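Now for the letters of each chain:
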Amino acid sequence: MMNMLSKENSTVSRAWEATLRKTHAAKKRANSIFGTIALANATATNTTTTTTNAVEDNDKNCTISEAAYFTEKILPNGEYYKGQWCDNFPEGQGKYYWIDGCMYVGEWHKGKTMGRGRFRWPSGATYEGEFKSGYMDGTGTYVGSNGDTYKGQWVMNLKHGNGIEYYANGDWYEGEWRRGLRYGIGKYQWHNKNHYDGEWKNGVIHGNGCFVWINGDQYDGCWEDGMPKGNGTYQLSDGSFYVGYWSKEENEQNGTYHPSESSSNDVEWDPKIVYNQLADCKISPGEKVPILPSRKRLAISYSSNNAEKSKRPSIDGRGSLVLERPFDKMNLWGENDNDFNSFEMSRHLDCEFYGVNPAESNYRFNPVLPLKVPKPGNRQGETISVGHKNYELMLNLQLGIRHSVGRPAPPTSLDLKASAFDPKKKIWTRFPPEGSKYTPPHQSCEFKWKDYTPVVFRSLRKLFKVDPADYMLSICGNDALRELSSPGKSGSFFYLTDDDIYMIKTMKKAEVKVFLKMLAAYYNHVRSFENSLVIKYYGLHCVKVRFVIMGNLLGSEYTIHTRFDLKGSSLGRVTNKPESEINNTTILKDLDLNFIFKLQKAWFHKFCW
């Protein structure tokens, strides 16, 4: 029995010594890289001491509790923390070393990196700047292990806003970023001094811009997916130029070459030269962040009462005592943030955002993979063409709107009198096929057109900064409308403009009466709150049927994967369709919503406000 106890004690002693050696190594390495931290009102001793004064954190609009104290913790898995501590969380200034080699020194709030700090990866990459809720968020500088350097704005670990990036190969880009990609107006210069200045989309040249070669040649015009596409001019250094429509497809290419007097090239110039030159101008992808700081968790011991319920797999699959509550995602999905289902939900959302199959990703998330650019889905609705039962109705509708919007009217003030909202304020117009003094001739049958409260809707279009010409072009242009069958129980029909900007909805007579009663309150509301999220209405008319014109809330430059009609009710709010018939144009309902929306805390409060 004594031998057995002796062996057990020997095993425990060896395990403790191994842990101690590992911890001292972690501590030594953390101090060698980060140095010591000067903490206000705190004394670094072997025992913990209480901070006597509260330290105000201006970035977080919060105050460090007087109960915060300085501590140096050896964590169960060999990780190490040194700094201010309060209520089982890092709070204030502190540094943390993870056993995989990642390190952070800076400000903390309730266990999250919050404020200014510096994060270092084992590869040698560093980020120094602002953090929010565990994310790189704000202004900061990232230096990759290969020398790539980005200085600028970040949102939730992604470059977002204005910034400049210098690449290890000598290239650099300065301009706008969105979701980690070059997007907007920006300038890219290659190490050979060629440069492009203009519009970008999803990381590639797209839109209008000018490319200048070091020899003095330049192309100024339209681009698509990194190549000239559309109208543009190529100016040669000798004064010659080629102008026309550009395309990689020879049958679409169409232009004229104008040689200069000094040009030695008398033959027709070939635009293919430009495409061959651009093929050698590769855009540097830049180094990806190895491990997102928001994915790092703290291995913090609980008391014996909480230890059992805290056991759960960590991010790399090991069983450990892990404090999930203060770290990683915003955890807006509920109060019980330690619940394993919440962790799974967070992981699946991350996988979907980054284009990773959750079944293949395991717990070790791979942030190096590029963002998935979804393929455009099917367009909603059936195009109303010749032979369609509502083709004539569409022509009448377009003719009536063109007449209403284009009709001369005195300048309107946004300060409307109460009489302008009178439901009796409506204008009837007859449209005979042969035309009249006020209406043009047309090929449809005779119809009557009614404008409800035209002054109010003219003021609304002015308030919403709608250009009359663009408005008429969207609804009354050469492109046909698309008809959507009713997704709800109202029986109304919907029509979409070809550019997806405007939606037209049929209304019943009783609905029109209610709408007109609400119009004054609606007008005052949208005038008081210009950023209101309520739908925008642009016109109320009648031609055989009554209909309202409104902004299309689902009109977006982003691909829409799933659509929902949410009413905040559970009664009958489910789509009775087999899975095989559901696609990206199907309108789903409340009980079909099986995932969670996550917002940054600041965005969340602004959205609610």
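Residues numbered from 1 in each chain as written. Predicted model: local features only at pLDDT ≥ 70, side-chain atom pairs only at ≥ 80, totals over all residues. Heavy atoms only, no water.

The protein chain appears in an unreviewed UniProt entry as 1-phosphatidylinositol-4-phosphate 5-kinase from Gossypium aridum.

Trainee: Could you clarify how one ought to interpret the overall build of the protein chain in this entry?
Mentor: Summing up its helical and strand segments, the protein chain has 10 helices and 32 strands in all. Counting over 609 residues, the protein chain shows a buried share of 43%. Sequence-distant contacts in the protein chain: of pairs separated by 6 or more residues, those separated by 24 or more amount to 42%. Looking at the protein chain as shown, the accessible area adds up to about 33600 Å², and 52% of this sits on carbon and sulfur atoms. (Helix = DSSP H or I, 4+ residues; strand = E, 2+ residues; numbered from the N terminus. Buried < 20%, exposed > 50% of the residue type's maximum accessible area, 1.4 Å probe, protein only. Contact = heavy atoms within 4.5 Å. Areas by Shrake-Rupley, 256 points an atom, 1.4 Å probe, with all protein chains shown as cover.)

Trainee: Explanation requested: empty space enclosed by the protein in the structure shown.
Mentor: Using a probe with the size of a water molecule, rolled over the atoms, empty space left in the structure can be pinpointed. Scanning the entire structure with this criterion turns up three cavities of 30 Å³ or more. What the largest cavity holds in volume is close to 100 Å³. If you trace the largest cavity, you find 14 residues lining it, with S404, D451, P454, R461 and H541 closest to the centre. Of all the elements, helix α7 (residues 454-463) adds the most residues to the lining of the largest cavity, at four residues. (1 Å grid on protein atoms, 1.4 Å probe; cavity = no way out; pocket = protein on both sides within 12 Å on 5 of 7 lines; lining within 4 Å. Points joined across faces, edges and corners; volume = space filled by probe spheres on them.)

Trainee: Can you help me understand the nonpolar core in this one?
Mentor: Nonpolar side chains tend to gather and get buried jointly when the protein is soluble and globular. With 48 residues, the main nonpolar core has I401, L460, Y471, I475, L540 and I549 as its most contacted residues. For this core, the leading source of residues is helix α9 (residues 509-528), giving seven residues. Residues within four places of I401 in sequence aside, it is in contact with G406, W449, Y471, I475, C476, H541, F547 and I549. Formed by 44 residues, the second largest nonpolar core is a distinct cluster that contains W190, I205, F211 and M227. (Core = buried A, V, L, I, M, F, W, Y, C linked by side-chain atoms within 4.5 Å.)

Trainee: When you look at the packing of aromatic side chains in this model, what are you seeing that I'm missing?
Mentor: Geometry of an aromatic ring pair is reported as the spacing of the ring centres plus the angle between the planes. With the rule as written, the count across this model stands at 41 aromatic pairs. Aromatic side chains Y234 and W246 sit 6.5 Å apart centroid to centroid with 45° between the ring planes, which places their arrangement in the tilted category. One end of the pair, Y234, is in strand β18 (residues 227-235); the other, W246, is in strand β19 (residues 241-246), with 12 residues separating them in the sequence. Comparing Y234 with W246, the two get one shared label, buried. Taking the centre distance of 5.3 Å and the plane angle of 90° together, the rings of Y502 and Y538 count as edge-to-face. You can see Y502 sitting in strand β28 (residues 502-507) and its partner Y538 sitting in strand β29 (residues 537-543), a full 36 residues away along the chain. Residue Y502 shares its accessibility class with Y538, and that shared class is buried. When the ring centre of W85 is taken as origin, the NZ or CZ atom of K73, which lies over that ring, is 4.7 Å away. The lysine or arginine in question, K159, covers the ring of Y150, its NZ or CZ lying 5.3 Å from the ring centre. (Phe/Tyr/Trp six-rings, centres within 6.5 Å; stacked < 30°, edge-to-face > 60°. Lys NZ or Arg CZ within 6 Å of the ring centre and 35° of its normal.)

Trainee: Please clarify how the sheet that holds strand β26 (residues 482-484) should be interpreted in this entry.
Mentor: Within a sheet, adjacent strands bond to each other through the backbone by hydrogen bonds, running parallel or antiparallel. Strand order across the open sheet formed by eight strands is β23-β26-β27-β28-β30-β29-β25-β24, with antiparallel pairing between neighbours. Bordering the open sheet on either side are β23 (382-383) and β24 (426-431), each of which pairs with just one other strand. The sheet contacts of helix α6 (residues 391-406) involve β24, β25 (447-452), β27 (494-496), β28, β29 and β30 (545-551), and relative to β25 the element is tilted by about 50°. The sheet strands contacting α7 are β24, β25 and β29, and the helix crosses β29 at an angle near 145°. (Pairing = 2+ DSSP bridges. Axes fitted to C-alpha atoms, helices over the stretch in contact; angles between N-to-C directions.)

Trainee: It is not clear to me how the environment of S294 should be interpreted in this structure. Could you clarify?
Mentor: Looking at the element boundaries, S294 is found in the loop between α2 (272-279) and α3 (304-310). We classify S294 as buried; its relative accessible area is 0%. For the pair S294 and G134, spaced 160 residues apart in sequence, the C-alpha separation works out to 4.7 Å. Side-chain polar atoms of S294 contact the side chain of N157, separated by 2.8 Å. (Polar contact = N/O pair within 3.5 Å; in protein donor to acceptor, adjacent residues only side chain to side chain.)

Trainee: I keep staring at a positive patch on the surface and nothing clicks. Help me out?
Mentor: Positive charge collects at one region of the surface, where K426, K509, K513 and K517 lie side by side. With three residues, α9 is the single largest residue contributor to the positive patch. Its location among the elements puts K517 in helix α9. (Patch = residues over 30% accessible without salt bridge, like charges linked within 9 Å, V, L, I, M, F, W, Y side chains within 5 Å. Salt bridge = Lys/Arg side-chain N within 4 Å of Asp/Glu carboxyl O. Lys, Arg positive; Asp, Glu negative; His and termini not counted. Charge placed at Lys NZ, Arg CZ, Asp CG, Glu CD.)

Trainee: How should the packing of α7 against α9 be read in this particular structure?
Mentor: Pairs of packed helices are described in terms of their axes, by the angle between the two and the distance that separates them. Their axes nearest at 11 Å, the elements α7 and α9 cross at an angle of 25°. As judged from the angle between their axes, α7 and α9 are roughly parallel. Classified by chirality, the crossing of α9 by α7 is left-handed. Across the interface between the two elements, V456, F457, S459, L460 and L463 of α7 pack against F515, L519, Y522, Y523, V526 and R527 of α9. Per-class residue counts for the contact of α7 with α9 are nine nonpolar, one polar and one charged. (Parallel < 35°, antiparallel > 145°, perpendicular 65-115°, else oblique. Left-handed = near helix turned anticlockwise from the far one by under 90°. Nonpolar A, V, L, I, M, F, W, Y, C, P; charged D, E, K, R; others polar.)

Trainee: How should the pairing of strand β5 (residues 80-86) be read in this particular structure?
Mentor: As a general feature of sheets, a regular strand has side chains that alternate between the two faces. Most of β5 is tucked away, with seven of its seven residues classed as buried. Two elements, strand β4 (residues 69-74) and β5, share six bridges in a ladder whose sense is antiparallel. Each residue of the ladder has a partner; that of K73, found in β5, is Y81. Counted along the chain from β4 to the antiparallel partner β5, the turn is five residues long, and its residue G78 has a positive phi close to 95°. When β5 meets strand β6 (residues 89-97), the two strands line up antiparallel, connected through six bridges. Bridge pairing in β6 places K82 opposite K95. What sits between the antiparallel neighbours β5 and β6 is a turn of two residues, in which D87 has the positive phi angle 55°.

Trainee: Is there a simple way to explain the confidence of the model for the protein chain in this structure?
Mentor: Low-pLDDT portions of the prediction should not be read for the details of their coordinates. Scored by pLDDT, the protein chain has a mean of 75; 74% of the residues are at 70 or more. Here residues 348-358 scores under 50 on pLDDT; set against residues more than four positions off or in separate chains, the count is 27 contacts. Low pLDDT, under 50, characterises residues 360-374; the stretch is placed with 39 contacts to residues that sit more than four places away or in other chains. (pLDDT = per-residue confidence, 0-100.)

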